[in-house]
Amino acid sequence: SNLSFIYLKQWLEDASSKKIVSFAPFKDEIDLWPLNRWILKEKTLILPRVEKEHLSLYIVKDVVDLQPSKLGILEPKTDWEKVDLKEVDVVLVPG
(Lines give C-alpha, C1' and ligand atoms only; values in the text may rest on other atoms or scores of the structure.)
Protein backbone atom coordinates (compact mmCIF):
# COMPACT_ATOMS: atom_id res chain seq x y z
CA SER A 1 0.00 0.00 0.00
CA ASN A 2 2.89 2.39 0.77
CA LEU A 3 4.51 1.57 -2.55
CA SER A 4 1.20 2.07 -4.37
CA PHE A 5 0.87 5.49 -2.74
CA ILE A 6 4.37 6.49 -3.85
CA TYR A 7 3.87 5.36 -7.46
CA LEU A 8 0.40 6.85 -7.81
CA LYS A 9 1.45 10.16 -6.23
CA GLN A 10 4.46 10.42 -8.54
CA TRP A 11 2.33 9.58 -11.58
CA LEU A 12 -0.29 12.17 -10.66
CA GLU A 13 2.41 14.81 -10.16
CA ASP A 14 4.09 13.97 -13.49
CA ALA A 15 0.77 13.96 -15.33
CA SER A 16 -0.09 17.47 -14.10
CA SER A 17 -3.55 16.20 -13.18
CA LYS A 18 -5.71 18.64 -11.25
CA LYS A 19 -9.17 17.10 -10.81
CA ILE A 20 -8.95 13.51 -9.64
CA VAL A 21 -11.78 11.09 -9.00
CA SER A 22 -10.79 8.58 -6.35
CA PHE A 23 -12.78 6.29 -4.12
CA ALA A 24 -13.31 5.58 -0.45
CA PRO A 25 -11.85 2.11 0.08
CA PHE A 26 -14.28 -0.56 1.24
CA LYS A 27 -13.47 -3.86 2.94
CA ASP A 28 -10.45 -5.46 1.21
CA GLU A 29 -9.83 -2.71 -1.36
CA ILE A 30 -6.48 -0.91 -1.39
CA ASP A 31 -6.26 1.80 1.28
CA LEU A 32 -6.24 5.02 -0.71
CA TRP A 33 -6.69 7.32 2.29
CA PRO A 34 -3.04 8.48 2.29
CA LEU A 35 -3.33 9.28 -1.42
CA ASN A 36 -6.80 10.84 -1.00
CA ARG A 37 -5.47 13.14 1.74
CA TRP A 38 -2.56 14.16 -0.49
CA ILE A 39 -4.96 14.83 -3.40
CA LEU A 40 -7.17 16.87 -1.07
CA LYS A 41 -4.18 19.02 -0.08
CA GLU A 42 -2.46 19.35 -3.48
CA LYS A 43 -5.18 18.86 -6.10
CA THR A 44 -8.98 18.60 -6.29
CA LEU A 45 -10.32 15.41 -4.70
CA ILE A 46 -13.57 14.15 -6.20
CA LEU A 47 -15.47 11.17 -4.84
CA PRO A 48 -18.52 9.36 -6.19
CA ARG A 49 -21.89 9.04 -4.51
CA VAL A 50 -24.55 6.52 -5.49
CA GLU A 51 -27.77 8.34 -6.36
CA LYS A 52 -30.62 6.11 -7.44
CA GLU A 53 -29.13 4.07 -10.31
CA HIS A 54 -26.07 6.17 -11.16
CA LEU A 55 -22.94 7.71 -9.67
CA SER A 56 -22.65 11.44 -9.12
CA LEU A 57 -19.28 13.10 -8.58
CA TYR A 58 -18.66 15.65 -5.83
CA ILE A 59 -15.71 17.82 -4.84
CA VAL A 60 -14.49 16.93 -1.35
CA LYS A 61 -13.25 19.71 0.93
CA ASP A 62 -12.65 17.58 4.04
CA VAL A 63 -12.73 13.79 4.42
CA VAL A 64 -14.08 14.02 7.98
CA ASP A 65 -17.39 15.26 6.55
CA LEU A 66 -18.00 12.15 4.44
CA GLN A 67 -21.04 10.11 5.43
CA PRO A 68 -21.59 6.34 5.21
CA SER A 69 -23.92 4.96 2.55
CA LYS A 70 -26.39 2.13 3.20
CA LEU A 71 -23.51 -0.30 2.52
CA GLY A 72 -21.14 1.59 4.81
CA ILE A 73 -19.06 3.18 2.03
CA LEU A 74 -18.07 6.77 2.82
CA GLU A 75 -19.63 9.24 0.37
CA PRO A 76 -19.87 13.00 -0.15
CA LYS A 77 -22.94 14.86 1.02
CA THR A 78 -25.54 15.85 -1.57
CA ASP A 79 -25.16 19.59 -0.93
CA TRP A 80 -21.50 19.60 -2.00
CA GLU A 81 -20.40 20.90 -5.40
CA LYS A 82 -21.09 18.43 -8.22
CA VAL A 83 -18.62 17.83 -11.03
CA ASP A 84 -19.26 16.60 -14.57
CA LEU A 85 -17.09 13.69 -15.68
CA LYS A 86 -15.95 15.78 -18.66
CA GLU A 87 -14.14 18.12 -16.23
CA VAL A 88 -12.09 15.32 -14.64
CA ASP A 89 -8.44 14.61 -15.48
CA VAL A 90 -7.98 11.18 -13.85
CA VAL A 91 -10.28 8.48 -12.47
CA LEU A 92 -8.99 5.88 -9.99
CA VAL A 93 -11.16 2.76 -9.99
CA PRO A 94 -11.11 -0.13 -7.51
CA GLY A 95 -10.47 -3.49 -9.04
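Preceding this section is the structure that the text describes.
Keep in mind that this is a model prediction, so the values were computed, not measured.

(A) Highlighting unusual backbone geometry. Positive phi, close to 55°, is recorded for Lys 27, a residue that is not glycine. Here Lys 27 lies in the loop between strand S1 (19-21) and helix H2 (33-42). Even without a glycine there, the phi angle at Lys 52 is positive, about 55°. By secondary structure assignment, the location of Lys 52 is in the loop between strand S2 (44-51) and strand S3 (54-59).

(B) Layout of the pattern of salt bridges. As enumerated under the stated definition, the model contains five salt bridges in all. Note that Glu 87 and Lys 19 form a salt bridge whose closest N and O atoms lie 3.3 Å from each other. With a gap of 68 residues between them, Glu 87 in the loop between strand S6 (82-83) and strand S7 (90-91) and Lys 19 in strand S1 connect regions that are remote in the sequence. A salt bridge links Arg 49 to Glu 51; its shortest N-O distance comes to 3.8 Å.

(C) Fine view of the packing of helix H1 (residues 2-14) against H2. The contact between H1 and H2 brings their axes to 9 Å, and the two run at 25°. Overall, the two elements H1 and H2 adopt an arrangement that is roughly parallel. As for the relative orientation of H1 and H2, their crossing is right-handed in sense. Judged by residue contacts, Phe 5, Leu 8, Lys 9, Leu 12 and Glu 13 of H1 engage Pro 34, Leu 35, Trp 38 and Ile 39 from H2. Looking at the contact of H1 with H2 residue by residue, the classes come out as seven nonpolar, no polar and two charged.

The rules we used
Residues numbered from 1 in each chain as written. Predicted model: local features only at pLDDT ≥ 70, side-chain atom pairs only at ≥ 80, totals over all residues. Heavy atoms only, no water. Helix = DSSP H or I, 4+ residues; strand = E, 2+ residues; numbered from the N terminus. Salt bridge = Lys/Arg side-chain N within 4 Å of Asp/Glu carboxyl O. Axes fitted to C-alpha atoms, helices over the stretch in contact; angles between N-to-C directions. Parallel < 35°, antiparallel > 145°, perpendicular 65-115°, else oblique. Left-handed = near helix turned anticlockwise from the far one by under 90°. Contact = heavy atoms within 4.5 Å. Nonpolar A, V, L, I, M, F, W, Y, C, P; charged D, E, K, R; others polar.

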